[in-house]
Amino acid sequence: MTTPRIATTATLAVAALLLTACGDDGSSARSQSTSSPREDGAQEVQEAASRLVTTYDGGLMVIDGASLEVVGTVELDGFTRVNPAGDGRHVMVSAGDAFRVLDAGAWSSAHGDHEHHYVGDPAFTGVEFEADHPGHVVRHAGTTVLFSDGSGRIELFRADELADGAPRTEVVQADQPHHGVAVQLANDELLVTLGDETTRTGAKVLDAGRAEIARNEDCPGVHGEAVADDETIVVGCENGVLVYRDGAFTKIPSPDPYGRIGNQAGSDESAVVLGDYKADPDAELERPERVSLIDTATNTLRLVDLGVSYTFRSLARGPQGEALVLGTDGAIHVIDPATAQVTGTIPVIGAWTEPQDWQQPRPALHVDGDTAYVTDPAASELHAVDLAAGSVVASTTLPQVPNELTGARE
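Residues numbered from 1 in each chain as written. Predicted model: local features only at pLDDT ≥ 70, side-chain atom pairs only at ≥ 80, totals over all residues. Heavy atoms only, no water.

Observations concerning the state of the cysteines
Throughout the structure, instances matching the rule amount to one disulfide. Between Cys219 and Cys237 runs a disulfide, and the two sulfur atoms are separated by 2.0 Å. Around the S-S axis, the bridge from Cys219 to Cys237 shows a dihedral of about -100° and counts as left-handed. Note that Cys219 is positioned in the loop between strand E21 (212–216) and strand E22 (223–228) and Cys237 in strand E23 (residues 232–237), a separation of 18 residues in sequence. Residue Cys219 is classed as buried on the basis of its relative accessible area, which comes to 0%. For Cys237, a relative accessible area of 0% translates into the label buried. (Disulfide = S-S within 2.5 Å. Helix = DSSP H or I, 4+ residues; strand = E, 2+ residues; numbered from the N terminus. Buried < 20%, exposed > 50% of the residue type's maximum accessible area, 1.4 Å probe, protein only.)

Take a look at the structure:
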């Protein structure tokens, strides 16, 4: 396993306001430290800071979400994936044979009636979760669930325990190893996908005591998950989706015999889940132009034709539950999930083409609060978009070509 090496700025400060557009003189308002450095070197700041993490060929970059300054880099060999850990501070890094915990270097903590905010050097915490082919990382209801594709091992822990080191964990075993996913609900029910190395068929649900209480195997090629409001889980199939709510599964079929939904984005603000949509079972690489909207309140599925293609890193949700899709035209397409109408487009980057290899860099979309972040690998750039204003408000050139993008906060 490669040993990561951390390089950080000597002193970290957090920007209180986003930089203005690209023609700015480069100045920015910054909140200053309000106390002396702590023993761990962290500084207390006036405003909560955000951190982004992007992968590149050879490591990770940690970026301040307001100034877009690279505040730390981590050298790491091999293809790396990143996901929020669920506590607003840490990021799960999937590489090699483990999920590793990266402290992104910005956090808040309550002291009496007040909340204090800190920034510090990003670094690996030393906490690792062994995994044979680490796969999906799912966060919901304060619990983070890790799925190991090669062994079928499912490991659960409370995200808020990461700040104290290695958390207490629960291990559940999938029926057979497969490229799967699991999600735990607030009542401790656990949804787990079903499959093996060659075939994936559906999902089951275990109660708090881990006894099976529901199962549905009418979901060929099951992949991905999203949680809508009212704790409704949606998983994708090659012919529609499965919806789990209140102890029972419901199948919502695709309008086409083959209508694959494999990547979804949910929101606590909406009963509608945004999904991709592919309809050609024989395509080596289908570049779809339609997305799916799964209404979990009415158990219906609608398609929206964008007129432009997108990829699996293109889907996100806005602060009001709006559906966001980053198209290959370089714009964020904003969809009202209630009406299935495109209500606006936000130009961000130039037109681009999806690469054949899914591990190769392509633009990625990540949303933190009212701000959407978009990478442009062709130019090694990162852009911040004010979703309310519908415009780019900050841009930067990165020292490496960005690939995956996530943040410590969601």
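A few points about the sheet that holds strand E4 (residues 43–45)
Spatially, E4-E12-E11 is the arrangement adopted by the three strands of the open sheet, whose pairing is antiparallel. Each edge of the open sheet carries a strand with a single partner, namely E4 and strand E11 (106–111). The average angle at which neighbouring strand axes cross in this sheet is 40°, direction not considered. As paired elements, E11 and strand E12 (residues 114–119) share six bridges and run antiparallel to each other. Pairing of Ala106 across the sheet is with Val119, part of E12. (Pairing = 2+ DSSP bridges. Axes fitted to C-alpha atoms, helices over the stretch in contact; angles between N-to-C directions.)

Thoughts on the pattern of salt bridges
In this structure the tally under the stated criterion is 17 salt bridges. Between Glu128 and Arg100 there is a salt bridge whose closest N-O contact spans 3.9 Å. One end of the pair, Glu128, is in strand E13 (residues 123–130); the other, Arg100, is in strand E10 (residues 98–103), and 28 residues separate them in sequence. For Glu128, a relative accessible area of 42% translates into the label partly exposed. Residue classification places Arg100 among the buried residues on the basis of a relative accessible area of 3%. When the shortest N-O distance is used, the salt bridge between Arg153 and Glu155 registers 3.4 Å. Classification of Arg153 as partly exposed rests on a relative accessible area of 31%. Judged by its relative accessible area of 8%, Glu155 falls in the buried class. What emerges from the salt-bridge pattern is a single network uniting Asp175, Lys204, Glu212, Arg215 and Glu217. (Salt bridge = Lys/Arg side-chain N within 4 Å of Asp/Glu carboxyl O.)

Some thoughts on the packing of aromatic side chains
One pass over the full model with this rule turns up five aromatic pairs. Plain terms: the ring middles of Trp107 and Tyr118 are 5.8 Å apart, the flat faces sit at 25° to each other, and that makes the pair stacked. Pair noted here: Trp107 is in strand E11 and Tyr118 is in strand E12, with a separation of 11 residues, a long-range link. The pair Trp107 / Tyr118 is uniform in exposure class, with both members buried. (Phe/Tyr/Trp six-rings, centres within 6.5 Å; stacked < 30°, edge-to-face > 60°.)

A look at the pairing of strand E9 (residues 90–95)
For E9, a buried count of six out of six residues is recorded, marking the element as mostly surrounded by other parts of the structure. With burial as the criterion, each face of E9 is covered, one bearing His90, Met92 and Ser94 and the other bearing Val91, Val93 and Ala95. Pairing between strand E8 (residues 81–84) and E9: four bridges, direction antiparallel. The residue bridging Val82 from the neighbouring strand is Val93, located in E9. Taken together, the six bridges between E9 and E10 define a ladder with antiparallel strand orientation. When the sheet's bridge partners are listed, His90 is paired in E10 with Asp103. As consecutive antiparallel partners, E9 and E10 are separated by two residues, and within that stretch Gly96 has a phi angle of approximately 65°, a positive value.

Nothing here speaks to function; it is geometry throughout.
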